[in-house]
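Coordinate analysis (summary)
For reference, the chains in residue letters:
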Amino acid sequence: MTAQHTQTRVAFATIVGTSIEWYDYFLYAAASGLIFNQLFFGPLGSTMSTMVAFATVGISFLFRPLGAFLAGHYGDRLGRRVVLIITLIAMGAATALIGFLPTYESAGALAPILLIALRIVQGVSAGGEWGGAVLLAVEHADEKSRGLRGSFPQIGVSIGLLLSSGVLALMTSIAPGDAFLEWGWRVPFYLSVVLVVVGYWIRRGVEESPVFHEIAERKERVSNPLGRLFKSHWLLVILASLVFMGNNAAGYMTTGGYIQNFATDPAGPIGLERGPVLWAVAASAVSWLVFTIIAGAVSDRIGRRTTYILGWILLLVGIASLFPLVSTGSIRMLLLGLVILTVGLGFTYGQQPAMYAELFPSSVRFSGVSVSYAIGSILGGAFAPTIAKALVSATGTTTSVAVYLGVVALLALIATLLLRDRTGIPLGPDHEAEQSVSPIIGFGRSSTSISTEAPDAAENSRG
């Protein structure tokens, strides 16, 4: 099998796998503000039930680090592929079971408890999924196309948003009105079973990362990659987390279900129909996909850091224009606002896998990438919909939400400016010393100015 054929197969597998994972994850988020607030938290009242439903979206983020720690540890020791298969099955099973849950009306408090428990399983799975998928794509790629290849698993996010919004919108037509709340919303969750079977079959045929193969053959797997990561690269983990934070907070205005709820709330200022809003979100997912791929390709030409700086500027423009356009009450203006936002979202997302992989040494890369991503998602998207709902309730205006998202994006820009560009750095274990030189401006060999050597002899003899 040629290298080009292998890269294409890996790209296809990561796109399909991550699309299924994020379909499952975003399906819950979209349903939280449209369905779960009524069926599982209805007795709390209109505003509080929606805030609590959004909070359950955020609760899962708190368990992403657990998934990242487990996946990072075993991914650096056992390989990327096996972790991806486990996370796919766990996510799919949790999603399908949500479709079978009783509502508060029939089961009382047990219903939301079971819902939250399954959402936690989704959070653990999501925490482990992303790092393995992007490393398979990036570590299989040649250095000149690393940004483009790394963007492929990223578009799984927009495809997942497209699928989840599209299927929900379709079900509003098949089961309109009360029928949607009675049984129509469950069908998209049932479909997860079919998608997981397809994803499992595809991922089984993917070859392990060549970088991990080299590490395994040289018997240089670190016995405690998380310990080494936090000892020598803790500051780098914080900065990498902040970089992702800005994108995640803005992105969760749609993937977290906030815009869907804001635009369709009958008691709100707009009161649009559920179906057209879901179709608009699905359409914006297509533009997000396109700009994500463009950003990955552009970063191969002008560097990851420069692409990020451009992306933060574009994202600030998108944040400033989003709510004024949505608040017009026009579906076309809502779609325009979402599309403008996705330009910045794509340009602060497509290059992320390549940038993250280039930041961390090969021996702790899975751990570093997964943990940074998990922490960044907590700081950014975990409670962004809940915060947005609370801000509007307290101030009576969406301007407060735009200010909040803008501040978060500016913090992410500052973190980006503190990192050196490492575009094209070799990723293999032969270059561990070069990779261990800190990418943080003003620091020496490691993120904490502590010398990071290759794994010691005792560690090399293990695993």
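Values in this document were obtained by computation on a predicted structure and should not be read as measured data.

**Examining the environment of alanine 96**
Residue placement: alanine 96 occurs in helix α4 (residues 80-98). Spatially, the C-alpha atoms of alanine 96 and leucine 191 are 7.4 Å apart, while their sequence positions differ by 95 residues. Ignoring any residue separated from it by four or fewer positions in sequence, one finds alanine 96 in contact with Phe189, Tyr190, Ser192 and Val193.

**A look at the side chain of threonine 342**
With respect to the helices and strands, threonine 342 occurs in helix α17 (residues 331-347). Once you skip the residues sitting within four places of it in the chain, threonine 342 turns out to touch Ser284, Ser287, Trp288 and Phe291.

**Re helix α12 (residues 225-232)**
Those residues of α12 lying buried are Pro225, Leu226, Arg228, Leu229 and Ser232. Each buried residue of α12 sits inside an arc of 165 degrees when the element is viewed along its axis, so together they form one side.

**Concerning the packing of aromatic side chains**
One pass over the full model with this rule turns up 21 aromatic pairs. Plain terms: the ring middles of tryptophan 130 and tyrosine 373 are 4.2 Å apart, the flat faces sit at 5 degrees to each other, and that makes the pair stacked. Taken together, the residues span a long stretch of sequence, with tryptophan 130 in helix α6 (residues 110-140) and tyrosine 373 in helix α19 (residues 365-380) at a distance of 243 residues. Of the two residues examined, tryptophan 130 and tyrosine 373, each falls in the buried class.

**Considerations on a nonpolar patch on the surface**
Among the surface-exposed residues, Leu66, Leu70, Tyr74, Leu78, Val82 and Ile86 lie close enough to one another that they form a single nonpolar patch of about 560 Å² accessible area. Contributing elements (two or more residues each) for the nonpolar patch: α3 (64-78) and α4. Here the nonpolar patch takes 4 residues from α3, the largest share from any one element. Along the chain, leucine 66 falls in helix α3.

**Observations regarding helix α21 (residues 399-417)**
Helix length check: α21 (19 residues) gives 27 Å between terminal C-alpha atoms against 27 Å at 1.5 Å per residue, within 8%. The set of residues buried in α21 consists of Ser400, Val401, Ala402, Tyr404, Leu405, Gly406, Val408, Ala409, Ala412, Leu413, Ala415 and Thr416. Each element contacted by the buried residues of α21 is listed here: α13 (234-251), α16 (304-326), α19 and α20 (384-395).

**Some thoughts on the environment of threonine 398**
If you trace the backbone, threonine 398 turns up in the loop between α20 and α21. Sequence separation of threonine 398 and proline 324 is 74 residues, and the distance between their C-alpha atoms is 8.4 Å. Dropping the residues within four chain positions of it, threonine 398 is found in contact with Phe262, Phe323, Ser327 and Val392.

**Remarks on the pattern of salt bridges**
Oppositely charged side chains are able to pair whenever their charged atoms sit close together. A complete count under the given rule lists 4 salt bridges for this structure. For arginine 365, the salt bridge identified is with glutamate 139, shortest N-O distance 3.1 Å. Within this pair, whereas arginine 365 is found in helix α19, its partner glutamate 139 is found in helix α6, the two being separated by 226 residues in sequence. You can call arginine 365 buried: its relative accessible area is 0%. Glutamate 139 sits in the buried class, given a relative accessible area of 5%. One salt bridge in this structure joins aspartate 300 and arginine 304, with 3.0 Å as the shortest N-O distance. A relative accessible area of 2% means that arginine 304 is categorised as buried. Counted as one network, the salt bridges with shared partners bring together Arg146, Asp300, Arg304 and Glu358.

The rules behind each value
- Residues numbered from 1 in each chain as written.
- Predicted model: local features only at pLDDT ≥ 70, side-chain atom pairs only at ≥ 80, totals over all residues.
- Heavy atoms only, no water.
- Helix = DSSP H or I, 4+ residues; strand = E, 2+ residues; numbered from the N terminus.
- Contact = heavy atoms within 4.5 Å.
- Buried < 20%, exposed > 50% of the residue type's maximum accessible area, 1.4 Å probe, protein only.
- Arc of directions from axis to C-beta.
- Phe/Tyr/Trp six-rings, centres within 6.5 Å; stacked < 30°, edge-to-face > 60°.
- Patch = residues over 30% accessible without salt bridge, like charges linked within 9 Å, V, L, I, M, F, W, Y side chains within 5 Å.
- Areas by Shrake-Rupley, 256 points an atom, 1.4 Å probe, with all protein chains shown as cover.
- Salt bridge = Lys/Arg side-chain N within 4 Å of Asp/Glu carboxyl O.
- Expected span 1.5 Å × (residues − 1).

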